[in-house]
Amino acid sequence: MPRFSIQSPNGRVKLTVTLREGALHYAAEKDGVTVVDRSPLGLLLRQADLSCGLTLVSSNYASIQETYTLPAFKKSPCENHANTLTLLLEKHEETLQVEGRAYDDGVALRLIAGGEGNASVLGERTGFSIPAGAGDVYGMKYLFTYEDMYYPIPKCDLYQNRLAFPVLVDCGAGVWALYAEAAVFGDYGGSNLLSTREDPQRLMVQRAPDQLSPTLTHFPVTTPWRVVLCGDLNDIVTSNTLENLNPPSIVEDASFVQPGVAAWSWMAENDSTRDPKRCREYVDYAAQMGFPYYLADGGWPGNVDIPELVKYAAERNVKIWLWEHSKDVRSPEIAEEKFKLWSSWGVVGVKIDFFESDRAERVKQYDYLARIAAKYRLMVNFHGAMKPAGEIRTWPHVLTREGVLGGEYLQNFSNILPMGPDAAHNGTLPFTRNAMGPMDYTPVCYRAYLTGTTDAHQTALTVIFTSYILHIGERAETVLA
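Numbering of residues begins from 1 in every chain and follows the order in which that chain's sequence is written. In keeping with the model being predicted, local features are shown solely for residues with a pLDDT of at least 70 and side-chain atom pairs are shown and tallied solely at 80 or more, while totals for entire chains, interfaces and linings include all residues. The side-chain numbers reported here are obtained from all heavy atoms of the structure, hydrogens and water having been left aside.

A. Quick peek at the pairing of strand E25 (residues 349-353). Only protein chains enter the accessibility calculation, which uses a 1.4 Å probe; a residue is then buried when its area is under 20% of its type maximum, exposed when over 50%, and partly exposed in between. Only DSSP runs of H or I with at least four residues qualify as helices, and only runs of E with at least two residues qualify as strands; both kinds are numbered from the N terminus onward. With 5 of its 5 residues buried, E25 lies for the most part within the structure. Judged by which residues are buried, E25 turns out to be covered on both faces: Gly349, Lys351 and Asp353 on one side and Val350 and Ile352 on the other are all buried. Where strand E24 (residues 319-325) and E25 come together, 5 bridges link them in parallel fashion. Residue pairing for E25: histidine 325 is matched across the bridge by aspartate 353. Considered for its hand, the β-α-β crossover made up of E24, helix H5 (residues 332-345) and E25 is right-handed. Should DSSP find at least two bridges between two strands, the strands are regarded as paired. Clockwise travel from the first strand over the helix to the second, with the strands pointing away from the viewer, marks a crossover as right-handed.

Structure follows, in structure tokens:
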């Protein structure tokens, strides 16, 4: 049975890949503690089933060591240092390449099916097997919006819901694992996890549930990276491995990317961005607080003269972001026209909302919106969106995404959720959703809505939660009081 192992640069993390009777499996450990047990690796295409009948052609060991910087990130510089394994396998005329990496804080694998022309992906045969002796498992039921709470789930009950990435596992002896994916683009789409009653601890990778037909792509077919971050909780929170697994930046000159705080009137006053006078008052508030931005959210079209607001704000050293619904930029041509216009007005950022899908077609929209925004030097907030997966390395101007049950749920959304985000939810997010990348939680609510938390708790969220454009959810007058 061919068996291949690599260790992380510090020797504490180990990734093992085995080929037995034509099928691939992997496992990983940290300091001798299993963080993912023996799990399958495979890909099912219309052209071939690349989860069985495989034979080894070659193996190669190497290493990566590089550093890079991002204009907005939790550490600088980022170090990309890993030992790598590449296996080439074949089945009849088809080839499959397995790429593995071992970092000091995790492991990652992806599959590349060789060939030319068009390809159809029917499914993936890759899974994450939770170790038998693991303790608590924290997961979130998969929703298109990624807006739900993380709960501790008994291992025997994991099969009852499709789970979103990430999943957090207490592996024992102070070692935790975060199951995640990285480098999710429109040629493949996003994924989620599902197990069975018979084997509830084996979480298998699934395509988006609204991906009802085969995913049409092209050869070579490259899956997103399947990732296991591991270590103590601090290791997981401070990791930049997801970013390391993404391609380098598409932005040559990132000087326009300026993280900061935004005054935001919509949460406390939904109709405020239909009122030019109220928008100017929030610009004044931003200036008083030293915030660099004001977001004109939904309602501005036809009601607010944005070039005039940009001029008013510039006189007060404040810059303007605009909201747009994703359905109104559903083609590159329309997005190009709008982004070019808004940039000519002096707008510096766009919040694109209501994607609510991570099927390949929708993820392609993220791709072209990011490219066009970079062309017109616009920063971006993807709202009503899938979770990030390290793409900020490729798109450093995409400063945040929602994909979280955040402060907006303090409004009376009782038809969606009977309660808003509570202290327990907020205490779990840094180690789950926020570990995947920046999140537009829109913190701080003192008086506008009941929170069940203290003012100190609400204020602390601005420091604990990572978002490189930070929207403050409370009324201007309350914050200024």
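B. Structural detail: the side chain of glutamine 365. Tracing the backbone shows glutamine 365 in helix H6 (residues 360-375). Residue glutamine 365 is classed as buried on the basis of its relative accessible area of 1%. The contact rule is simple, with two residues in contact once any of their heavy atoms fall within 4.5 Å. Among residues more than four places away in sequence, those in contact with glutamine 365 are Ser326, Val329, Arg330 and Phe355.

C. Quick peek at the pattern of salt bridges. One side-chain nitrogen of Lys or Arg within 4 Å of one carboxyl oxygen of Asp or Glu is enough to make a salt bridge. Under the counting rule described, the total for this entry stands at 24 salt bridges. For glutamate 181, the salt bridge identified is with lysine 387, shortest N-O distance 2.4 Å. Here the residue glutamate 181 occupies a position in strand E16 (residues 175-182), and lysine 387 occupies one in the loop between strand E26 (379-382) and strand E27 (398-401), the gap between them amounting to 206 residues. Exposure remark for glutamate 181: the relative accessible area of 0% places this residue in the buried category.

D. Summary view of the side chain of asparagine 246. You can see asparagine 246 is positioned in the loop between helix H2 (241-244) and strand E22 (260-264). Reaching out from asparagine 246, the side chain makes a polar contact with the backbone oxygen of leucine 242 at a distance of 2.8 Å. Beyond its immediate chain neighbours, meaning those up to four positions away, asparagine 246 contacts Ala182, Ala183, Phe185, Ala389, Gly390, Glu391, Arg393 and Thr394. Between N or O atoms, a polar contact is any pair within 3.5 Å; within protein, one atom must be a potential hydrogen donor and the other a potential acceptor, and residues adjacent in sequence are included only when both atoms are from side chains.

E. Spotlight on the packing of helix H3 (residues 276-289) against helix H4 (residues 306-314). At a minimum axis separation of 10 Å, H3 and H4 run at an interaxial angle of 25°. On the basis of their axis angle, the class for H3 and H4 is roughly parallel. The handedness of the crossing between H3 and H4 comes out as right-handed. Each of Cys279, Arg280, Val283 and Asp284 in H3 lies in contact with H4, whose residues at this interface are Glu308, Leu309, Tyr312 and Ala313. Axis definition: a line fitted to C-alpha atoms, over the contacting stretch in the case of helices. Angles run 0 to 180 degrees between N-to-C directions. Here the angle decides the label: under 35 degrees means roughly parallel, over 145 means roughly antiparallel, 65 to 115 means roughly perpendicular, and every other value means oblique. In a left-handed crossing the near helix is turned counterclockwise from the far helix by less than a right angle, and in a right-handed crossing that turn is clockwise.

F. Expanded view of the sheet that holds E26. Spatial ordering of the open sheet is given by E27-E26-E25-E24-E23-E22-E28, a layout of 7 strands whose pairing is parallel. Each of the sheet's edge strands pairs with one partner strand only, and the pair in question is E27 and strand E28 (469-472). Direction aside, neighbouring strands of the sheet carry axes that sit 25° apart on average. Relative to E24, H4 is tilted by about 150°, and along the sheet it contacts strand E23 (293-296) and E24.

G. Spatial organisation of the environment of glycine 406. Tracing the sequence through the fold places glycine 406 in the loop between E27 and helix H7 (423-428). Under the relative-accessibility criterion, glycine 406 is labelled buried at 3%. Discounting chain neighbours no more than four positions away, the residues touching glycine 406 are Pro421 and Tyr441.

H. A look at the environment of alanine 48. Here alanine 48 shows up in the loop between strand E5 (43-45) and strand E6 (49-50). Residues alanine 48 and valine 121, 73 residues apart in the sequence, show an inter-C-alpha distance of 9.6 Å. Setting aside anything within four residues of it in sequence, one finds alanine 48 in contact with Leu43 and Glu94.

I. View of the sheet that holds E6. One open sheet accounts for 4 strands, arranged E6-E5-E11-E19; its pairing is antiparallel. In this open sheet, the two strands that pair with only one neighbour each are E6 and strand E19 (215-218). Looking at chain direction, E5 and E6 are connected through 2 bridges and run antiparallel. Pairing of leucine 44 across the sheet is with aspartate 49, part of E6.

J. View of the packing of H5 against H6. Two elements in contact, H5 and H6, have axes whose closest approach is 10 Å; the angle formed by their N-to-C orientations is 30°. Comparing the axis directions of H5 and H6 gives the class roughly parallel. Classified by chirality, the crossing of H6 by H5 is right-handed. Between H5 and H6, the residues in contact are Pro332, Ala335, Glu336 and Phe339 and Tyr368, Leu369, Ile372, Ala373 and Lys375, respectively. Each residue receives one of three labels: charged for Asp, Glu, Lys and Arg, nonpolar for Ala, Val, Leu, Ile, Met, Phe, Trp, Tyr, Cys and Pro, and polar for the others, Gly being one of them. Its residues assigned to classes, the contact of H5 with H6 shows 7 nonpolar, no polar and 2 charged.

In short, the description is geometric, and any link to function would need to be established separately.
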